[in-house]
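A structural walkthrough
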Amino acid sequence: MMANEARPCPCDLGDKLEYGGQGEEVQVEHLRAYVSKPGSSTDKAVIVIQDIYGWQLPNTRYMADMLASSGYIAICPDFFVGKEPWDPSKDWSTFQEWLQDRSATNINREADAVLGFLKERCGARRIAVVGFCWGGIATHHLILHYPELKAGVSVYGIIRDSEDRYSLRSPTLFLFAENDQVIPLDQVSTLEKKLQEHCTVDFKVKVFAGQTHGFVHRKREDINPNDRPFIEEARRDMLNWLNKYI
């Protein structure tokens, strides 16, 4: 497994055929995107970054719609730029080969296009970024390199091998699951310790007890009622962080 990339994401796919979304698909320069807007005008926007299952995954669009219902313009771009998302029915031994041309830290061209769209077409002046799994790594990357982003929320994603990975440019919330087979807790502890030593902006690292990778952006919380309070708490944390900084 490449140290700087996402591992297989066992997110719930149960709603793939059940959730159509409340927004619309648009063309943003060389890539497609899903855009969901609040009922009233705003200059606040959030870039929502997909996991390995792609920008059309209903679970992720559900999160974009949730952000829109909370007063943000939410855009979920196709950061794979037309390349096929991961199909969980595939042989996982081929995952690294599939991942080679889908680097979560090689997305600046796409980020530039999305930021331009939000500013020029949507009137956004205060922009944040939220990402899940692969998108959590991408969020971490963008917060390191785009100071114009006012805040970030990286959800079960972490850059592992960049020398400057602790030099956050904007306030960032990191959310993790205690029982995550993708990100061991020792890596989470190292992240928090190094951020305490090197980071000059506000940050928070939070681990949710008993949860597994993918828990925050599952749509059907009632799959396991015991998980519901943790899912709701994580989503509140995300919204509170965004509300505080943008």
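Residues numbered from 1 in each chain as written. Predicted model: local features only at pLDDT ≥ 70, side-chain atom pairs only at ≥ 80, totals over all residues. Heavy atoms only, no water.

Comments concerning helix 4 (residues 134–145)
Note: α-helices contain 3.6 residues per turn, so residues at a spacing of three or four share the same orientation. What counts here: Strands are runs of DSSP state E lasting at least two residues, helices are runs of H or I lasting at least four, and both sets are numbered from the N terminus onward. Multiply 1.5 Å by the residue count of a helix minus one, and that product is the helix's expected span. Burial status follows relative accessibility: with a 1.4 Å probe on protein chains alone, a residue under 20% of its type maximum counts as buried, one over 50% as exposed, and anything between as partly exposed.
Here helix 4 contains 12 residues, and its C-alpha end-to-end distance of 17 Å stays within 8% of the 16 Å for a straight helix at 1.5 Å per residue. Along helix 4, 11 of the 12 residues are buried, which leaves the element largely enclosed by surrounding structure. Three or more residues of helix 4 are buried, namely Trp134, Gly135, Gly136, Ile137, Ala138, Thr139, His140, His141, Leu142, Ile143 and Leu144.

A few points about the environment of Arg109
You can see Arg109 is positioned in helix 3 (residues 108–120). Its relative accessible area of 57% is what places Arg109 among the exposed residues. Taking the C-alpha atoms as reference, Arg109 lies 9.7 Å from Phe79; in sequence the two are 30 residues apart.

Let's talk about the packing of helix 1 (residues 58–69) against helix 6 (residues 228–245)
Using the following cut-off: Geometry is summarised by axes, namely lines fitted to C-alpha atoms with helices restricted to the contacting stretch, and by angles between N-to-C directions that run from 0 to 180 degrees. Small angles under 35 degrees read as roughly parallel and large ones over 145 as roughly antiparallel, with 65 to 115 read as roughly perpendicular and the rest as oblique. The crossing is said to be left-handed when, going from far helix to near helix, the turn is anticlockwise and less than a right angle, and right-handed when the turn is clockwise. In what follows, a contact means two residues having at least one pair of non-hydrogen atoms within 4.5 Å.
Packing of helix 1 against helix 6 leaves a shortest axis separation of 12 Å and a crossing angle of 50 degrees. The angle between the axes of helix 1 and helix 6 places the two elements in the oblique class. Considering how the two elements wind past one another, helix 1 and helix 6 form a crossing that is right-handed. Across the interface between the two elements, Tyr62, Met63, Met66 and Leu67 from helix 1 touch Arg235, Met238, Leu239 and Leu242 from helix 6.

Considering the side chain of Asp227
Formally: Here the positive residues are Lys and Arg and the negative ones are Asp and Glu; neither His nor the chain ends is included. Every case where a carboxyl oxygen of Asp or Glu lies within 4 Å of a side-chain nitrogen of Lys or Arg is listed as a salt bridge. Here a polar contact is recorded for every N or O atom pair within 3.5 Å, except that within protein the pair must consist of a potential hydrogen donor and a potential acceptor, and residues adjacent in sequence are included only if both atoms are side-chain atoms.
Residue position: Asp227 is located in the loop between strand 8 (203–208) and helix 6. Summary of buried charges: Asp227 has no salt-bridge partner, and the nearest side chain of opposite charge, Arg218, is 4.2 Å away. There is a polar contact of 3.1 Å between the side chain of Asp227 and the side chain of Gln211. Those residues within four positions of Asp227 in sequence are excluded, and the remaining contacts are Gln211 and Arg218.

Here's the deal with the pairing of strand 4 (residues 73–77)
As a reminder of what qualifies: Here the rule is simple: two strands pair whenever DSSP picks up at least two bridges between them.
Most of strand 4 sits inside the fold, with five of its five residues counted as buried. Neither face of strand 4 is exposed, since Ile73, Ile75 and Pro77 on one face and Ala74 and Cys76 on the opposite face are all buried. Pairing of strand 2 (residues 31–36) with strand 4 involves four bridges; the strand directions are antiparallel. The residue bridging Val35 from the neighbouring strand is Ile75, located in strand 4.

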